[in-house]
Protein chains: 2
Amino acid sequence: MTKEKASVLIETAMGRSDADLVIRNAEVVDVYSRSSFRADVYIKDGSIVGFDGDRKAKAEHDAKGKFLIPGFIDAHCHIESSHLSPAEFSDTVVPCGTTTVIADPHEICNVCGLDGLDYMLKASEDIPLSVFLMFPSCVPATPFEHSGAVLEAGDIGKYIDNPRILGLGEMMNYPGVVSGDQKVIDKLGEAYRTGKNIDGHAPSITGQGLDGYIAAGITTDHECETPQELQEKVRKGMYVMLRQGTACRNVLQLLPGVNEGNWRRILFCTDDRQPQTISEEGAVNYGVSLAIRNGLDPFTAIAAATLNAAECYGLKDRGAISPGKKADFFLTSSISGGIAPDEVFIDGVLVAADGKILEKAVHTEPVNVRGRMDVKGFSKASLSCKPGSDHVRVIDIIPGGVVTGAGEAFIKRDESGEWIHEDGKDILKLAVIERHHGTGNSAVALIRGYGMRHGAVATSIAHDSHNIIVIGDNDDDMAAAVEKLISIGGGITMFKDGRELGTHVLEIAGLMTDDTAENVVKCLAAMHETAENELHVSKEIDPFMTLCFMALPVIPSYKLTDCGLFDVRSFQFVSNAL
Amino acid sequence: MTKEKASVLIETAMGRSDADLVIRNAEVVDVYSRSSFRADVYIKDGSIVGFDGDRKAKAEHDAKGKFLIPGFIDAHCHIESSHLSPAEFSDTVVPCGTTTVIADPHEICNVCGLDGLDYMLKASEDIPLSVFLMFPSCVPATPFEHSGAVLEAGDIGKYIDNPRILGLGEMMNYPGVVSGDQKVIDKLGEAYRTGKNIDGHAPSITGQGLDGYIAAGITTDHECETPQELQEKVRKGMYVMLRQGTACRNVLQLLPGVNEGNWRRILFCTDDRQPQTISEEGAVNYGVSLAIRNGLDPFTAIAAATLNAAECYGLKDRGAISPGKKADFFLTSSISGGIAPDEVFIDGVLVAADGKILEKAVHTEPVNVRGRMDVKGFSKASLSCKPGSDHVRVIDIIPGGVVTGAGEAFIKRDESGEWIHEDGKDILKLAVIERHHGTGNSAVALIRGYGMRHGAVATSIAHDSHNIIVIGDNDDDMAAAVEKLISIGGGITMFKDGRELGTHVLEIAGLMTDDTAENVVKCLAAMHETAENELHVSKEIDPFMTLCFMALPVIPSYKLTDCGLFDVRSFQFVSNAL
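Analysis parameters
- Residues numbered from 1 in each chain as written.
- Chains lettered and ligands numbered in written order.
- Predicted model: local features only at pLDDT ≥ 70, side-chain atom pairs only at ≥ 80, totals over all residues.
- Heavy atoms only, no water.
- Least-squares fit on C-alpha atoms with pLDDT ≥ 70 in both.
- Contact = heavy atoms within 4.5 Å.
- Pairing = 2+ DSSP bridges.
- Helix = DSSP H or I, 4+ residues; strand = E, 2+ residues; numbered from the N terminus.
- Axes fitted to C-alpha atoms, helices over the stretch in contact; angles between N-to-C directions.
- Expected span 1.5 Å × (residues − 1).
- Buried < 20%, exposed > 50% of the residue type's maximum accessible area, 1.4 Å probe, protein only.
- Polar contact = N/O pair within 3.5 Å; in protein donor to acceptor, adjacent residues only side chain to side chain.
- Parallel < 35°, antiparallel > 145°, perpendicular 65-115°, else oblique.
- Left-handed = near helix turned anticlockwise from the far one by under 90°.
- Nonpolar A, V, L, I, M, F, W, Y, C, P; charged D, E, K, R; others polar.
- Phe/Tyr/Trp six-rings, centres within 6.5 Å; stacked < 30°, edge-to-face > 60°.
- Lys NZ or Arg CZ within 6 Å of the ring centre and 35° of its normal.

## Some details on the relation of the copies chain B and chain A
Next, step 1: With an RMSD of 0.0 Å, the fit of chain B onto chain A corresponds to turning through 180° and sliding 0.0 Å along the axis. Interpreted geometrically, this transformation is the action of a two-fold axis.
Next, step 2: Most of the interface of chain B is mirrored in chain A, where 100% of its interface residues again form contacts.

As structure tokens, then:
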């Protein structure tokens, strides 16, 4: 708020000057009282000024008795997971009723460091969606891989005073926190100094360890998996998020833990939603709707997705429909069976109707984040796999999650010791190629359960360091896929017998594209079909997302980084040979 | 939080170093979930580190199953109303379970300006009670009187960044806000600039005017009088306080307005509690208890008095019992019939037991605020009352409140036109003498309903400018009382036939004393007895508090300032003669 704006709002509230807009006959959802009331809502200069009363407005919009609901706040998401630029992401989620997101740009920062953060700040500055960022706390996620950047406390210090940065992003380094690692404490210290939030990431952390983690000032968690865990975390002071992403879907698991006592500490988030998921289901409104359809009081669900998030992150200018608040809201006919906005308003301007954005957001040129592909010395020879034994470790894909099994198998090798692919055995080769610093680093391992019979799939999305990951039965297709990604600056591609079967270009850091959501969804749908029909990837898994998580060395059991095969259970590298 | 402290808390939470204290077998009240749970609570360096687990502690305290409740936060009070210095106030309210107060020092600032603020900050810095201040927004309260100081936006700017100043105090100038008065907007601007709170003061303000007031960024109100008003204010975004002071007692009035939907926006406060009231009833715990005894769920009442207030004022380090929070709490056997603490802990140290403080707080020398009595040219002649007519206006005291009636009467005058006191008519003379700047200003009027037959009562507490106010039937006693106050630097005194019947010395700004609460209560009790028995002041009114409010020109109908008789209804001065 500024003095000038306050003066204007007061003048308008008191009826001495005209409002810009009045929404007539609205059933306003009051999240402060978990109820609703019928009113005309007056808006001036993008803010709500009051209800009913003796006022005039330059324009009016008849809500015809529809519910008028504060815009939803997605309390934790990674925009990169949508594959879309912030502008295109805005055009995609705003029609779903999301008007504010709190985004952790740790994917792009793992690739581009502060250039990635600068891009996300700039590209999300002048779009309808309000984007607040959390400074990524764990770049790289682990010391067991090469990421594009290393962000330290000093970097945080340079950015955290920015009013659009609300604190420190998900602190995945739980061991570092509870062991009191000084480098971690130094990062937390920047949040202490500024009084800003620290988001948590505490899957299955309970009891004494949770006490230590919370004592460090960490105030949210979006990794809860059971009602008991939710209740303990709320009891100990955390805001707990009901997450409904593409892969991780916790709303129904957690709902039994939410009650009349603790609902005020519950938020909704999407974390990671793929473009197709947003297109098919919606954004954070999907999780809210799911909760309502499964018994959560609609007013409580709406308050959690608005006021609770605003309170948690200190966003005093939004989260409710009341005088002085930002006029971000939507109209919808019903709230009892789930929530699908008919018309969405941002700053008091109609921006979306019937699920479509009315005017495209302005895109920002992705300078310094385009085509981040510094791969040196890669050739087919880099894919050589000579385990040194017929008895080997294999990464066992487990459908429906990102955990893998620590498998073993007996394989065939040629006279030079090279692994030989065997039809019908469903064992393939997996390789990770470092792409950030031209180190020439790469590593190979064997993987089971992908289903593909012949060909190769490669992607530059490989959490969290986002090196190139490629899977295949033969080195020619694998090398061609890798070379393709290098040439286009990243994306997802599939090859078979030297033929390119389909490519999804992700020219922004190898993670996102400035293309339209429509094209992205169309392209990915076609590629999914091809992966299933031509490559015969198992129907039980997503061919691309599964691959994305095979390099994440924080989730058990075996994962492959550019440094080698990693056993997450013992936190050490292991050989392919057993 | 600091990095060093975080490291210590983590070490202790994880059991690698010993806690300072463990409270065993506590029934911990969980305000996040409105429930309780049995646990051992570990404390280190004044903060809670966790529950149960594998830890050791240097000392232990057996709670024997008692409830362990976060220390109460009094969301709005004027310490000056207790007549006590901050140290003595701390010793008085802490045993009642109040561990944090948000105080508006506008009484002392009306007398001493920024010297008063400096004193309150310093005197409350190193005492067990946490005292946060709101910068007084309305000094003076009106332009119709002479106060000791005028505080402008520039003064606010110098202080508002102080972390112990949480924002702007009760904005009593409602007309100034909704008319957009630039001087008022400039004051609000300091809160906008820093993102700090602005407390409201909006008695009976509803509808469009309330919209305008809230659009200006005002977020609390403690002047609500009906459940409907409460519900409208919450709906429009305010935190509403259930106030239980000495004179203003709104808890029972407002309770029907509090429900399962809106309780999270409800706070408790005392506003103005006289020393005897605290001594007899308690502090903010009294209002909480009253609410519980009248049907409010105890967990809801406790959450309102703790977490809600902490959230409202952004006090992230307190308001709940969870890891990292300040170890301010108390133990009590029962919560269902009201709340009386057995043992109170601050920063994890036992500071009060069975209603008594264990160690006296350290007092601060009241420099620059002592004996503020700059009265020039006062004599008996200053009290002359010559209305110019037998038909006069009289201030009609209405028992039970601070509103007065606009009375009229026929009086007797001597040959010089001087008013003559008539026995049995209960009309007395009231005078206000400016005491801050030696202006020589004084004014007289007639008042009815005080009951006193003969003598004079004077006090230097006279809201909000705190000039000297004196009531009496004869000028000799009145003058003697005024002279007495001048000589001692302020207080309350009674004279009859030239004899001093009793004096309560308030040497700090004429409002407070550094004496003990015990002595203050004893002195006031004796004075009340004398006022009733020797002066025959009406039993329906408090002889001193009634007087204190007769100079407050914001509450109808007639009030007397040092500038003359004021008709609050028409907002203008009027003559004594009709």
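Still to come is the rest of the account.
## Observations regarding the sheet that holds strand S22 (residues 427–433) of chain A
Residues and elements named next belong to chain A.
Next, step 1: As summarised here, the arrangement of the eight strands in space is S19-S18-S23-S22-S25-S24-S26-S27, forming an open sheet in which the pairing is mixed. Because the sheet does not close on itself, it has two edges, and the strands there are strand S19 (404–410) and strand S27 (499–505). The average angle at which neighbouring strand axes cross in this sheet is 25°, direction not considered.
Next, step 2: Pairing analysis gives four bridges linking strand S24 (residues 456–459) to strand S26 (residues 491–496), with the strands arranged antiparallel. The partner of Val457 across the bridge, within S26, is Met494.
Next, step 3: Packing of helix H15 (residues 517–533) onto the sheet brings it into contact with S26 and S27, and relative to S27 it is tilted by some 145°.

## Observations concerning helix H7 (residues 182–194) of chain A
Next, step 1: Compared with the 18 Å implied by 1.5 Å per residue over 13 residues, the 19 Å span of H7 of chain A between its first and last C-alpha is a close match.
Next, step 2: When we look at burial in H7 of chain A, the residues that qualify are Val184, Ile185, Lys187, Leu188, Gly189, Glu190, Ala191 and Tyr192 of chain A.
Next, step 3: Where the residues of H7 of chain A are buried, they touch helix H5 (153–159), strand S9 (165–171), helix H6 (174–178) and strand S10 (197–200) of chain A together with helix H1 (3–13) of chain B.
Next, step 4: The residue sitting at the N-terminus of H7 of chain A and contributing the capping side-chain oxygen is Asp181 of chain A; that oxygen lies 2.8 Å from the backbone nitrogen of Lys183 of chain A.
Next, step 5: Positive backbone phi, at 70°, marks Gly195 of chain A, one or two positions downstream of H7 of chain A.

## Quick notes on the packing of helix H1 (residues 3–13) of chain A against helix H7 (residues 182–194) of chain B
Next, step 1: Here H1 of chain A crosses H7 of chain B at 120°, and the two axes come no closer than 9 Å. Here H1 of chain A is positioned oblique relative to H7 of chain B, judged by the angle of their axes. Both H1 of chain A and H7 of chain B take part in a crossing whose hand is right-handed. Seen from H1 of chain A, the contacting residues are Lys3, Ala6, Ser7 and Ile10 of chain A; seen from H7 of chain B, they are Ile185, Asp186, Gly189 and Tyr192 of chain B.
Next, step 2: Among the residues forming the contact of H1 of chain A with H7 of chain B, the class breakdown is four nonpolar, two polar and two charged.

## Side note on the packing of aromatic side chains
Next, step 1: For the structure on display, the rule yields 20 aromatic pairs over all chains.
Next, step 2: For the pair Phe135 of chain A and Tyr159 of chain A, a centre-to-centre distance of 5.9 Å together with 55° between the ring planes defines the contact as tilted. Of this pair, Phe135 of chain A sits in strand S8 (residues 130–135) while Tyr159 of chain A sits in helix H5, and the two are 24 residues apart along the sequence.
Next, step 3: Their ring planes at 80° and their centres at 5.4 Å tell us that Phe144 of chain B and Phe571 of chain B sit as a pair that is edge-to-face. Linking Phe144 of chain B in the loop between strand S8 (130–135) and helix H5 (153–159) with Phe571 of chain B in the loop between strand S29 (564–567) and strand S30 (572–573), this pair joins segments that are 427 residues apart in sequence.
Next, step 4: Classification of Phe571 of chain B by relative accessible area gives partly exposed; the value is 43%.
Next, step 5: Aromatic ring contacts, followed pair by pair, group Phe144, Phe566, Phe571 and Phe573 of chain A into a single cluster.
Next, step 6: Here the basic side chain of Arg55 of chain B rests over the ring of Tyr42 of chain B, its NZ or CZ set 5.5 Å away from the ring centre.

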